Amino acid sequence: MQNILLTGGAGYIGSHIAVELINAGYFPVIIDNLANSSEKSVERVGKITGVTPKFYRGDCRDEKLLDKIFVEAQISCVIHLAGLKAVGESVEKPLEYYDNNLNATIALCRSMKKAGVKNFIFSSSATVYNSKNPMPLSEDSVTGGCTNPYGWTKYMIEQILSGVQKANPDWSVTLLRYFNPVGAHKSGLIGENPRGIPNNLMPFITQVATGKREKLNIFGNDYPTKDGTCIRDYIHVLDLAKGHVKAIEYTLNHNGVEVFNLGTGQGYSVLDMVEAFQKANNIKLPYTFAPRRAGDLTECYSTPAKANKILGWKAEETLETMCADSWNWQRQNPNGYEE
Ligand code: NAD
Ligand code: UFG
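What you see is a predicted model, and the numbers here were worked out from it, not measured in a lab.

J.: So what exactly am I meant to see when it comes to the nonpolar core here?
T.: Burial of nonpolar side chains together is a common tendency in soluble globular proteins. In terms of nonpolar packing, the biggest core is built from 40 residues, with Leu6, Ile13, Ile17, Leu21, Ile79 and Ile248 touching the most fellow members. Those elements that provide at least two residues to this core are β1 (3-7), α1 (12-23), α2 (40-49), β4 (75-80), β6 (172-178), α8 (237-253), β11 (256-262) and α10 (305-311). Beyond its immediate stretch of four places on either side in the chain, Ile248 contacts Ile4, Leu21, Tyr26, Cys77, Ile79 and Ile121. By size, the runner-up hydrophobic cluster in this structure holds 29 residues, among which are Ile69, Val117, Phe122 and Val164.

Okay, structure coming up:
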């Protein structure tokens, strides 16, 4: 069985990837400092699959710990998810974001070099694309011109990894640009667990549905879209996780740097999302229109054609299952992983 190192593997996306790795016959080894997660997610992965990942609590900037992990476990491929990800917070705390996200990546690359591990998959984001691109975004769309430090860390890490691969031609680097992950595992045992007031749409919606928040504020209804609200490419986290299994196969069998969008290619508005949530769960969702949120793009959606063709991967879940599965998780865990 091949071991895959998941940095940040206790988090929302990492825990779902761990399940899909086990389903595909890989063994996940996780390092996470639990800055934005709970070790309970790792236990729950064990509950779902019958296999509990190996867990190291620690920081990816701790190169000695990484060295130890690479000695203790024979790692075939690294999936680097560890990072801070709140856009607004990154504007307030730029140094924390640059330190955490960049230094974790640098320590990881150094440690991999020492250990002779050459396969790297990076959790990048649609945020690396320039806001002036026409839609849909393809991997050739223009990048850069990011509007916040979080986005710049993703952009810079893509540059760092490309440079490392150029200097080490036997490395294989796969950059996965995620669009808007939502949903949860069908069991309702793992899901998104934001701390404090959620920034993102779906966790805010599910907290309105539990009664924790009074109503959803829809940021802007005067955008030039069909109903005036912004358009995004929401992708079920299960589809996203399965994309990583395909990306491992690809990464293990190629050298070089390759970029893939992981999205559905479908753009949905905030109001589409509200309607789908109400319909899928038979819940009335109170909402009100609020002013635009600074920095929001009118539209952001992918063409996933490259991943469809080269990885042989395609998102299969629907907006309805994204809404039903998000609610199933939140309903069973109204306080996330806290009792
Ligand atoms: P998450 O916060 O749930 O997971 C990230 C994990 O990394 C957390 O468990 C956190 O504790 C851990 N972590 C952070 N810094 C660390 C460090 N220095 N050392 C060890 N662990 C550390 O977030 P997520 O939604 O699962 O996102 C995973 C990755 O995907 C992130 O890199 C994120 O930027 C990227 N991404 C997420 C989205 C999204 O909308 N969720 C979109 C695009 C890209
Ligand atoms: N929205 C609301 N009310 C809310 C929350 C969100 O109306 O309470 C709207 C936003 O204005 C936006 C849409 O819902 O129009 C989606 O917002 P999210 O915050 O869920 O997602 P974003 O597309 O703004 O951001 C996400 C990630 C970022 C990443 C970006 C691009 O959170 O990390 O996608 O990949 F940078």
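J.: How should the side chain of Asn119 be read in this particular structure?
T.: Relative to the elements of secondary structure, Asn119 occurs in strand β5 (residues 119-125). Note on Asn119: relative accessible area 14%, which makes it buried. A distance of 3.0 Å separates a polar side-chain atom of Asn119 from the backbone oxygen of Ser76. Once residues within four sequence positions are removed from consideration, Asn119 is found in contact with Ser76, Cys77, Val78, Met112, Ser172, Thr251 and Leu252.

J.: Help me out: how do you make sense of the sheet that holds β5 in this one?
T.: One open sheet holds the seven strands; their spatial order is β3-β2-β1-β4-β5-β6-β11, and the pairing between them is parallel. Of all the strands in the sheet, just β3 (54-57) and β11 have a single pairing partner and so form its edges. Across the sheet, the mean angle from the axis of one strand to that of its neighbour is 20 degrees, orientation sign disregarded. Summarising the sheet, β5 and β6 pair through seven bridges and their orientation is parallel. Across the sheet, residue Asn119 finds its bridge partner in β6, namely Ser172. Set on the sheet, α1 makes contact with β1, β2 (27-32), β4 and β6; between it and β1 the angle comes to about 170 degrees. Contacting β1, β4 and β5, helix α5 (residues 94-115) crosses the sheet at an angle of about 170 degrees to β4.

J.: Would you explain the site of ligand 2 in this entry?
T.: Residues in contact with ligand 2 amount to 22 residues; listed here are only the nearest, Asn200, Leu201, Asn217, Arg232 and Asp296. Between Thr127 and ligand 2, the recorded distance is 3.4 Å, taken from a backbone N or O atom to an oxygen atom. For ligand 2, an oxygen atom lies 2.7 Å from a polar atom in the side chain of Asn200. For ligand 2, whose free accessible area comes to 690 Å², the fraction covered by protein is 89%. Among the elements of the structure, α7 (201-210) and β8 (216-219) are those that each provide at least two residues to the shell around ligand 2. With four residues, β8 is the single largest residue contributor to the shell around ligand 2. By residue class, the composition of the shell around ligand 2 is twelve nonpolar, six polar and four charged.

J.: I keep staring at the pattern of salt bridges and nothing clicks. Help me out?
T.: Opposite charge on two side chains allows them to pair when their charged atoms are near. Applying the stated criterion across every chain yields a total of 17 salt bridges. In this structure, Arg61 and Asp59 form a salt bridge, with 2.8 Å as the shortest nitrogen-oxygen distance. Here Arg61 falls in the partly exposed class, since its relative accessible area comes to 33%. A salt bridge links Lys93 to Glu89; its shortest N-O distance comes to 3.7 Å. The structure contains a network of salt bridges with shared partners spanning Glu63, Asp67, Arg110 and Lys114.

J.: Could you clarify how one ought to interpret the sheet that holds strand β9 (residues 231-232) in this entry?
T.: The three strands are arranged β12-β9-β14 in an open sheet whose pairing can be described as mixed. A strand with exactly one partner marks an edge of an open sheet, and here the two such strands are β12 (268-269) and β14 (299-300). Pairing of β9 with β14, which is carried by two bridges, proceeds in the parallel orientation. Its bridge partner being in β14, Arg232 is matched across the sheet by Cys300.

J.: So what exactly am I meant to see when it comes to unusual backbone geometry here?
T.: Negative phi is the rule for most residues except glycine; trans is the rule for most peptide bonds. With an omega of -5 degrees, the peptide bond running from Met135 to Pro136 counts as cis. Mapped onto the elements of the fold, Pro136 is located in the loop between β5 and α6 (149-167). Positive phi values are uncommon outside glycine, yet Leu34 reaches one of about 60 degrees. Mapping Leu34 onto the fold places it in the loop between β2 and α2. For Leu34, a relative accessible area of 11% gives the class buried. Despite not being glycine, Asn282 shows a phi value in the positive range, around 55 degrees. Within the secondary structure layout, Asn282 lies in the loop between α9 (270-281) and β13 (287-290). Overall, the relative accessible area of 72% leaves Asn282 in the exposed class.

About the criteria used
- Going along each chain's sequence as written, the residues are numbered from 1 onward.
- Whichever chain is written first becomes A and whichever ligand is written first becomes 1, with later ones labelled in order.
- Whole-chain, interface and lining totals are the exception, using all residues; otherwise, since this is a predicted model, local features are given only for residues with pLDDT of at least 70 and side-chain atom pairs are given and counted only at 80 or more.
- Calculated side-chain values reflect all of the structure's heavy atoms, with hydrogen atoms and water omitted.
- The set of buried Ala, Val, Leu, Ile, Met, Phe, Trp, Tyr and Cys residues whose side-chain atoms join them within 4.5 Å is what this entry labels a nonpolar core.
- For every residue, the accessible area (1.4 Å probe, protein chains only) is compared with the maximum for its type, and the residue is labelled buried under 20%, exposed over 50%, or partly exposed between those bounds.
- Runs of H or I in DSSP of at least four residues are treated as helices and runs of E of at least two as strands, each being numbered from the N terminus.
- Only heavy atoms enter the contact rule, under which two residues are in contact if any of them lie within 4.5 Å.
- Polar contact is the term for a pair of N or O atoms within 3.5 Å; when the atoms are in protein, one must be able to donate a hydrogen and the other to accept it, and sequence-neighboring residues count only if both atoms are side-chain atoms.
- Here the rule is simple: two strands pair whenever DSSP picks up at least two bridges between them.
- Here an angle of 0 to 180 degrees is reported between the N-to-C directions of two axes, which are lines fitted to C-alpha atoms, with helices fitted over the stretch in contact.
- We call a residue near a given molecule or strand whenever any one of its heavy atoms falls within 4 Å of it.
- Surface accessibility follows the Shrake-Rupley procedure with a 1.4 Å probe radius. Residue values consider only the protein chains on display as shielding.
- In this count, Pro and Cys sit with the nonpolar residues alongside Ala, Val, Leu, Ile, Met, Phe, Trp and Tyr, while Asp, Glu, Lys and Arg are called charged and the others, Gly among them, polar.
- By definition, a salt bridge exists where a carboxyl oxygen of Asp or Glu is found within 4 Å of a side-chain nitrogen of Lys or Arg.

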